[in-house]
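What follows is the residue order along each chain.
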Amino acid sequence: MSVDIFAGKKIILGVTGGIAAYKTPYFIREIKKRGAEVRVVMTPSATEFVTPLTLSTLSGNEVIVNIFPQSQENGAGLSTWHIDTALWADLMIIAPATINTVAKIANGFADNALTTLVAALRCPLLIVPAADVDMYRNKLTQRNFNTLREAGYYVIEAEEGELASGLIGRGRFPEINKVIDSAEIIILGYKRDFESKKILITAGPTFEDIDPVRFIGNRSSGKMGYELAKASYLRGADVTLVSGFSHECAYPEIKLIKIRSAAEMKKLVGKEFENNEILIMSAAVADYKPVLFRGKKIKKEDKLSSIKVVETEDILKTLDKKGKITTGFALETDNELQNALKKLKSKNLDMIVLNSLKNHESGFEVDTNKITIIHRSGNQVKFPLLSKFQTANKILSEILKIKK
Ligand code: CTP
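Residues numbered from 1 in each chain as written. Predicted model: local features only at pLDDT ≥ 70, side-chain atom pairs only at ≥ 80, totals over all residues. Heavy atoms only, no water.

## Remarks on the site of the ligand
Near the ligand lie 15 residues; those nearest to it are M281, A283, D287, K343 and K347. Contact distances for the ligand include 2.8 Å between an oxygen atom and a backbone N or O atom of A283. With respect to the ligand, the side chain of K343 contributes an N or O atom lying 2.8 Å from an oxygen atom. Alone, the ligand offers 570 Å² of accessible surface; in the complex the protein occludes 77% of this. Elements represented by at least two residues in the shell around the ligand include exactly α11 (315-318) and β16 (325-332). When residues in the shell around the ligand are grouped by element, the largest group, four residues, is from β16. For the shell around the ligand, the residue count by class is eight nonpolar, two polar and five charged. (Near = heavy atom within 4 Å. Polar contact = N/O pair within 3.5 Å; in protein donor to acceptor, adjacent residues only side chain to side chain. Areas by Shrake-Rupley, 256 points an atom, 1.4 Å probe, with all protein chains shown as cover. Helix = DSSP H or I, 4+ residues; strand = E, 2+ residues; numbered from the N terminus. Nonpolar A, V, L, I, M, F, W, Y, C, P; charged D, E, K, R; others polar.)

Here's what the structure looks like:
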């Protein structure tokens, strides 16, 4: 088993007074499930949206709302709680962050428990703003976001969509998974090192239809490709994901193109490759397709004894890779290293990621992976068993080492 990066991590969750505060209990539950310890600090207006009792029950810790203790009799309860809590934390997350709190932090205020804690922090701070569209795009708010980023804080861009007011635009609180992924990126120590890079990723299986009901396909959940897409987005890339059938979800900012067959994938990858400088081909492309697609369902009485197949085109081999950085995958059961090396050369790749099916904790339909990366130079890098999200980040860091 790989150890969850959140296990034992000490997280302060700051909650401010916006409607998205109703999502906070779910967030606490998720992050606690992954092994984090959570202490909550709320602004007084946050208590209008969600109660301290709910958050203290879920976090298992008393919630801080007031700067000063309720009773100061004989000086009892007086302490430097803000310093103690700030020093305790590995990470602070403010979710949701109202534009009021954003403005206060950007200007160095420490006028309530939450902002006072922020002023005393030594650990990283992740800010997840949410507001109505006009409040969000307001020039002063945008200036404050820039100030916070320049100060080294992580600010997640709010999402576009329908807002509580009924207006449509940017300002939505992101899905909780995205907040947790962002926190993971920070804990893992990655920066926005893919900023201004354009990356094309393929994921999932391709399905080659036999008739309207059946197909030839590979076992693939698409998880590795989706984790690569999410990780590269969070590290600043502009991401296009060409995906076969998958139950995985991409972030709304990722350009997702759904395809079914190898021929469709080839067409879309060929088109998108022109606009991207990096390609990661993690899709499990079917190697064979039926010669004939039967328009009607094959019935038992047809007494079918075989299906004639032809090879699909090798997508990686068809691409003109000049000036581009290309990575392939090799999923092997035997002679893993030799086979992977052969593919690296025959497909003219910069790097290949070898997955061995001999390890039951890597490969299909599991959340972990154990990979070896082989560079064009022959240099090999072996990784331990990691979550697919962490594996994705390791692959991205190896790609950054390639100079073209
Ligand atoms: N690939 C591709 N086009 C195909 C088949 C595979 O571009 N028609 C890509 C995969 O996305 C992967 C790499 O080639 O990045 C290796 O795929 P894999 O299935 O491991 O190898 P194959 O070349 O198909 O060889 P084999 O199935 O015989 O192992």
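## Quick look at the domain arrangement of the protein chain
When cut into domains, the protein chain gives domain 1 (10-69 + 82-188) and domain 2 (198-399). The straight-line distance from the C-alpha centre of domain 1 to that of domain 2 is 37 Å. Of the residues lining the interface, seven residues belong to domain 1; the matching set on domain 2 comes to 12 residues. Between domain 1 and domain 2 the total buried area reaches about 770 Å² when both faces are included, carbon and sulfur atoms providing 65% of it. The three residues of domain 1 that bury the most area against domain 2 are K178, D181 and I185, which together make up 56% of that side's buried surface. Summed over the shared surface of domain 1 and domain 2, the result is one salt bridge. Among the salt bridges present, the one from E253 reaches K178, with a minimum N-O distance of 2.8 Å. The interface formed by domain 1 and domain 2 holds two residue pairs in polar contact (both at pLDDT 80 or more) in total. (Domains from an automatic or database assignment. Contact = heavy atoms within 4.5 Å. Buried area = accessible area lost by both parts, 1.4 Å probe. Salt bridge = Lys/Arg side-chain N within 4 Å of Asp/Glu carboxyl O.)

## Considering the pairing of strand β7 (residues 168-172)
Bridge count for strand β6 (residues 159-162) against β7 is four bridges, and the pairing is antiparallel. Bridged to E162 within β7 is I168. Hairpin remark: β6 followed by β7, antiparallel, with five residues in the connecting loop; positive phi at G166, about 100°. (Pairing = 2+ DSSP bridges.)

## A word on the sheet that holds strand β2 (residues 37-42)
If you trace the five strands from one edge of the open sheet to the other, you get β2-β1-β3-β4-β5, paired in parallel fashion. The two strands at the open ends of the sheet, each matched to only one other strand, are β2 and β5 (154-155). Those strands touched by helix α2 (residues 52-59) are β1 (10-15) and β2, and its axis lies near 165° from that of β2. (Axes fitted to C-alpha atoms, helices over the stretch in contact; angles between N-to-C directions.)

## Some words on the sheet that holds strand β20 (residues 380-382)
With respect to topology, eight strands assemble into an open sheet ordered β12-β11-β8-β13-β16-β17-β19-β20, the strand pairing being mixed. Lying at the two open borders of the sheet, with one neighbouring strand each, are β12 (255-258) and β20. Between one strand and the next, the sheet's axes are offset by a mean angle of 15°, whatever the strand orientation. Examined bridge by bridge, strand β17 (residues 351-356) and strand β19 (residues 371-375) share five bridges and lie antiparallel to one another.

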